[in-house]
Amino acid sequence: MVEEKRILYEHLDVPDINTFDVFRQYDGYKRFEKAIAEYQPDDIAKMVMDSGLKGRGGAGFSTGLKWSFVPRDIKPCYLCCNADESEPGTFSNRYVLEKNPHLLIEGILICCYAMGIETTYVYIRGEFTLGKKMLDAAIKEAYEKGYLGKDVCGTGLNIDIYTHPGAGAYICGEETGLIESLEGKRGQPRNKPPFPAVEGVFSKPTVVQNVETLCNLPFIVGNGVEWYTQMGPTYGDTRFDPPKPDPNTGTKLYCISGDVNEPGVYELELGLTCSELIEVAGGLRGEEVKAVIPGGSSAPILTHYELDTRLDFTSLTLAKSMLGSGGIIVMNETRNIVDCLLNIMKFYAHESCGQCTPCRWGTPWVRDIVQRIADGGGRPDTITRPKFGVTESGRWGDTGETEEIYEDLDLLESVANNIANVDTMTWNTICVFGIAVSWPAVSYMRKFRPEFEAAIREGKLVTLPVAEATVPPEENYAYQQRFIPKELESE
Amino acid sequence: MSDELIQIETPFAFNEENQREFDELIERYPIKEAAMLPTLHLAQRQAGYITPAVMKYVAEQLDVTVMKVKDVVTFYPMFFEEPVGEYVIRVCHTLPCALRDCKVVLEHLKAKLDTDIASETNLAKGTTADGKFTLMKVECLASCDVAPVIMINDDLYKNLTPEKVDEILETLTG
Ligand SMILES: Cc1cc2nc3c(=O)[nH]c(=O)nc-3n(C[C@H](O)[C@H](O)[C@H](O)COP(=O)(O)O)c2cc1C
Ligand code: SF4
Ligand code: FES
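These numbers come from a predicted model, not from an experiment.

Remarks on the overall build of chain A
In step 1: When helices and strands are tallied, chain A shows 19 helices and 15 strands.
In step 2: For 491 residues, the compact-globule estimate of 2.2 N^0.38 gives 23 Å, and the C-alpha radius of gyration of chain A, at 23 Å, lies within 12% of that figure.
In step 3: Projected onto the principal axes, the alpha-carbon positions of chain A cover approximately 75 × 50 × 45 Å.
In step 4: Here chain A holds 491 residues, and the buried ones make up 60% of them.

Observations concerning the interface of chain B and chain A
In step 1: Listed as interface residues are 36 residues of chain B and, on the opposing side, 56 residues of chain A.
In step 2: Three residues, B:Phe75, B:Leu99 and B:Asp145, lead the burial of chain B against chain A; their summed loss comes to 18% of the area buried on that side.
In step 3: Summed over the shared surface of chain B and chain A, the number is one salt bridge.
In step 4: For A:Arg186, the salt bridge is made with B:Asp71, and the minimal N-O distance between the two is 2.9 Å.
In step 5: In this assembly, chain B and chain A are joined by 22 residue pairs in polar contact (both at pLDDT 80 or more).

A word on helix H9 (residues 211-223) of chain A
Residues and elements named next belong to chain A.
In step 1: With eleven of 13 residues buried, H9 lies mostly within the body of the structure.
In step 2: What H9 keeps buried is the set Val 211, Glu 212, Thr 213, Leu 214, Cys 215, Asn 216, Leu 217, Pro 218, Phe 219, Ile 220 and Val 221.
In step 3: One side-chain oxygen at the N-terminal end of H9 lies 2.8 Å from the backbone nitrogen of Glu 212; it belongs to Asn 210.
In step 4: At the C-terminal side of H9, Gly 224 shows a positive phi close to 90°.

Focus on the packing of aromatic side chains
In step 1: Considering all chains together, one arrives at 23 aromatic pairs over all chains under this definition.
In step 2: When the centroid spacing of 4.9 Å and the interplanar angle of 65° are considered together, the rings of A:Tyr170 and A:Phe347 count as edge-to-face. Placement of the pair is A:Tyr170 in the loop between strand S3 (160-165) and helix H8 (175-182) and A:Phe347 in helix H13 (residues 337-351), with a sequence separation of 177 residues. Just as A:Tyr170 is buried, A:Phe347 falls in that class too.
In step 3: One aromatic cluster is present, formed by A:Tyr78, A:Tyr121, A:Tyr162, A:Phe202 and B:Tyr29 through successive ring pairs.

Here's the deal with the domain arrangement of chain A
Reports of interface size often rely on the accessible area that becomes lost once the parts have come together.
All names here are of chain A.
In step 1: Domain boundaries assigned for chain A yield domain 1 (20-230), domain 2 (250-332) and domain 3 (337-462).
In step 2: Summarising the inter-unit geometry, the C-alpha centres of domain 2 and domain 3 are found 23 Å apart.
In step 3: Residue-level contacts link twelve residues of domain 2 with 13 residues of domain 3.
In step 4: When domain 2 packs against domain 3, the two sides together hide about 1,100 Å² of surface, and 65% of this comes from carbon and sulfur.
In step 5: Contact with domain 3 buries area across many residues of domain 2, yet Lys 290, Ser 297 and Ile 301 alone supply 42% of it, more than any other trio.
In step 6: Viewed at the interface, domain 3 and domain 2 are joined by two salt bridges.
In step 7: For the salt bridge of Glu 306 with Lys 447, the shortest nitrogen-to-oxygen distance reads 3.1 Å.
In step 8: Connecting domain 2 to domain 3 are six residue pairs in polar contact (both at pLDDT 80 or more).
In step 9: Among the elements of the structure, strand S9 (289-293) and strand S10 (302-303) are those that each provide at least two residues to the side of domain 2 that touches domain 3.
In step 10: Of all the elements, S9 adds the most residues to the side of domain 2 that touches domain 3, at three residues.

Re the pattern of salt bridges
If the charged atoms of two oppositely charged side chains come close together, the side chains can form a pair.
Residues and elements named next belong to chain A.
In step 1: Per the counting criterion, the structure on display carries 45 salt bridges over all chains.
In step 2: Of the charged contacts in the structure, one is a salt bridge between Arg 367 and Asp 368, with a shortest N-O distance of 3.1 Å.
In step 3: Of the residues examined, Arg 367 reaches a relative accessible area of 26% and is grouped as partly exposed.
In step 4: Residue class for Asp 368 comes out partly exposed when judged on its relative accessible area of 38%.
In step 5: Between Arg 372 and Asp 408 there is a salt bridge, with its nearest N and O atoms 2.7 Å apart. Placement of Arg 372 in helix H14 (residues 357-374) and of Asp 408 in helix H15 (residues 407-419) is noted, with a sequence separation of 36 residues between them.

Topic: the nonpolar core
Considering soluble globular proteins, one finds that nonpolar side chains tend to be buried as a cluster.
In step 1: Core analysis: the biggest nonpolar cluster contains 96 residues, and A:Ile293, A:Tyr348, A:Val366, A:Phe452, B:Leu40, B:Val69 and B:Tyr76 have the highest contact counts within it.
In step 2: Ignoring sequence-local partners within four residues, the contact set of A:Ile293 consists of A:Ala299, A:Ile301, A:Gly327, A:Ile328, A:Ile329, A:Met331, A:Ile344, A:Tyr444 and B:Leu95.
In step 3: The next biggest cluster of nonpolar side chains, apart from the first, holds 68 residues, and it includes A:Val14, A:Phe32, A:Cys215 and B:Cys140.

A word on the sheet that holds strand S3 (residues 150-152) of chain B
Residue and element names in this part refer to chain B.
In step 1: Strand order in this open sheet of four strands is S2-S1-S3-S4, and the pairing throughout is mixed. One side of each edge strand has no neighbouring strand; the edge strands of this open sheet are strand S2 (133-138) and strand S4 (155-157). In this sheet, neighbouring strand axes are inclined to one another by 25° on average, regardless of whether the strands run parallel or antiparallel.
In step 2: When strand S1 (residues 87-92) meets S2, the two strands line up parallel, connected through six bridges. Within S2, the residue paired with Tyr 87 across the bridge is Phe 133.
In step 3: Along the sheet, helix H8 (residues 162-173) contacts S1, S2, S3 and S4; its crossing angle with S2, the most-contacted strand, is approximately 145°.

Here we look at unusual backbone geometry
Residues and elements named next belong to chain A.
In step 1: With an omega of -5°, the peptide bond running from Lys 75 to Pro 76 counts as cis.
In step 2: Counting through the fold element by element, Pro 76 comes out in the loop between helix H4 (63-68) and strand S1 (78-83).
In step 3: The peptide bond linking Asp 241 to Pro 242 adopts the cis configuration, its omega dihedral lying at -5°.
In step 4: Along the chain, the position of Pro 242 falls in the loop between strand S5 (234-237) and strand S6 (244-247).
In step 5: With a phi angle near 70°, Asp 27 is a residue other than glycine that sits in the positive phi range.
In step 6: Relative to the helices and strands, Asp 27 is located in the loop between helix H1 (20-25) and helix H2 (30-38).
In step 7: For Lys 320, which is not glycine, the phi dihedral falls at a positive 65°.

What about the site of ligand 1?
Residue and element names in this part refer to chain A.
In step 1: Neighbouring ligand 1 are 20 residues, the closest being Gly 57, Lys 66, Asn 82, Asn 210 and Thr 213.
In step 2: Within the side chain of Lys 66, an N or O atom sits 3.0 Å from an oxygen atom of ligand 1.
In step 3: One of the side-chain nitrogen or oxygen atoms of Asn 210 is found 2.6 Å away from an oxygen atom of ligand 1.
In step 4: When residues in the shell around ligand 1 are grouped by element, the largest group, three residues, is from strand S4 (residues 206-210).
In step 5: Residues of the shell around ligand 1, tallied by class, amount to six nonpolar, eight polar and six charged.

Digging into the site of ligand 2
In step 1: The full set of residues close to ligand 2 is A:Ile171, A:Pro189, A:Ser352, A:Cys353, A:Gly354, A:Gln355, A:Cys356, A:Cys359, A:Thr429, A:Ile430, A:Cys431 and A:Phe433.
In step 2: Counted by class, the shell around ligand 2 contains eight nonpolar, four polar and no charged residues.

Focus: the sheet that holds S4(A)
All names here are of chain A.
In step 1: Taken together, four strands build an open sheet; the order of strands is S3-S2-S1-S4 and the sheet is parallel. Strands at the two margins of the open sheet, each flanked by one partner only, are S3 and S4. Geometrically, the sheet is characterised by an average inter-axis angle of 20° between neighbouring strands, direction not taken into account.
In step 2: Relative to strand S2 (residues 119-124), S1 runs parallel, the two sharing six bridges. Bridging from a neighbouring strand, Cys 80 pairs with Tyr 121 of S2.
In step 3: Relative to the sheet, helix H7 (residues 129-144) contacts S2 and S3, its axis offset from that of S3 by approximately 165°.
In step 4: On the sheet, H9 packs against S1 and S4 and is oriented at approximately 90° with respect to S4.

The rules behind these values
Residues numbered from 1 in each chain as written. Chains lettered and ligands numbered in written order. Predicted model: local features only at pLDDT ≥ 70, side-chain atom pairs only at ≥ 80, totals over all residues. Heavy atoms only, no water. Helix = DSSP H or I, 4+ residues; strand = E, 2+ residues; numbered from the N terminus. Rg over C-alpha atoms; globule rule 2.2 N^0.38 Å. Buried < 20%, exposed > 50% of the residue type's maximum accessible area, 1.4 Å probe, protein only. Contact = heavy atoms within 4.5 Å. Buried area = accessible area lost by both parts, 1.4 Å probe. Salt bridge = Lys/Arg side-chain N within 4 Å of Asp/Glu carboxyl O. Polar contact = N/O pair within 3.5 Å; in protein donor to acceptor, adjacent residues only side chain to side chain. Phe/Tyr/Trp six-rings, centres within 6.5 Å; stacked < 30°, edge-to-face > 60°. Domains from an automatic or database assignment. Core = buried A, V, L, I, M, F, W, Y, C linked by side-chain atoms within 4.5 Å. Pairing = 2+ DSSP bridges. Axes fitted to C-alpha atoms, helices over the stretch in contact; angles between N-to-C directions. Near = heavy atom within 4 Å. Nonpolar A, V, L, I, M, F, W, Y, C, P; charged D, E, K, R; others polar.

Right, here's the structure in full:
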């Protein structure tokens, strides 16, 4: 049985931890004081790089690397803390804001010190009224105690933190959408490059970082890199010789919801498997796992054959899915995958910002196809197309054979792949929202094709038993192409 | 028609408290326009919804065109351009809540309040005849662990059942 490893959440339930005095009793701000007393800003940046910390907001991009792209000679530089948390299935940032806001402030202070930043905006989603209230109160206290404002702790640093409310648009979680929204415009993502690290808010270099990422900083500084890197696996990237270390260090606030007995946030070391997490969350509610979404609704779905996949950045990417924001949604045998896809596609069709044609038109189109199938109007005509599968060389590819497929399923795949192509990982849109649409659409359809076919054939939603609803591993594109990384031997 | 005319002609200005908050807000950003979202939130809290007069006022305060304000207001679901009820009930209906029967909660609310569900372009459709409640569906409220959830104005209600909904409504109407 895997044990919870509470670090970020360790003191979450201490009464009044949201006040300065209680937070102080639990080492509060001492790690920031250690940072300014013992280290130069560049040392901190190096520690973050060495810790292998990866962004917890969705992309999983190395935080140290991101910081290294920021030009040091252009001032001011801004920090935007991403507290927009709108990915369905994700709810860990909310608890930090509501219960332990000083921890976030300490993380922000360390980041500001390391990067020479004077102004931070915390972009909080509009619905988090309580979270914003608690953070505002904590910021006010920190100003009073001299940890924010002019000449922080007598060091000569000036650091300001402001909260900025969003107004209900999911796309403002995308970093450039967030920046546009912060500037007072529609939250429509920008073309990249230039990346925000070079040209972000108010055309100045900007570091965009998720709440959870920033909350890791006090612990990296406080306990040291060595302590931090012991948590979680470090894999060897075998494309390099000798294998290049690929760290998945630290803990993750896994948010688990859906059909488990005890949904909630569990802080665990990265790298446990999907089935282990379900056990930690009180076990499955129901008889059998039908499917698991491993990283918020944007992530490709996993079938019950893939439950041994480890829930970390590298393993999930190599399993053709992603850890994303760490929102895990479990579905039991009573769930209909067509129905679930319909729900998710309605979400995306509602949230597209409307800038790019493939996304603006394609997303509602995908939704409409799924709706038609769910309503029993799926078109029963079939077409013949090249069949993909395991080829003679043992790899996934065009088998040279053909297959019959329902016209609507082919259409679904083709529309989704024209927003963003799942196989080549190329997108025809400005932001990766496009992938967040086509990933679920294509993966649900391919992995649970019998259920989609049954719906078209019978003219109504049919929930098949798990074994029948799922395509077998040898026909599962992701299973066939997945690669299980090996941990580096520690010397 | 006459209603609309009155709305346009009723001018809007921040009350003293909000003016103070606004003055503080505007200091935070290097450009005035960046205060758009917080300013609109303030204005909506005072006026109930964003009328043309509010847009005009906000535009003047932030030195931008009215069109720019309108552009923003239409983009974000949390800004209303029509009157809403005293209590705005937001029912989450995204996947994790759907897996925990949010439909039952929604249907129960619909029957209990005897109203339809508001759409973004027609809020009146989801507003009760007495103007007390507006019922709308929203996407994930980031509380999927306590699904199904609803938000009434600024408060979140968790693990809902029809019985709990009844209790909540009673405290609001009673
Ligand atoms: C459509 C979309 C929605 C996103 N929503 C969020 C979000 O709600 N919260 C978040 O922290 N990151 C979100 N991201 C990821 C951000 O773009 C960005 O990668 C992240 O904030 C960077 O911070 P990190 O490196 O600390 O993870 C989203 C990305 C996309 C494409
Ligand atoms: S992909 Fe969609 S959400 Fe992203 S910029 Fe284009 S239209 Fe907007
Ligand atoms: S789906 Fe309802 S709170 Fe997340």
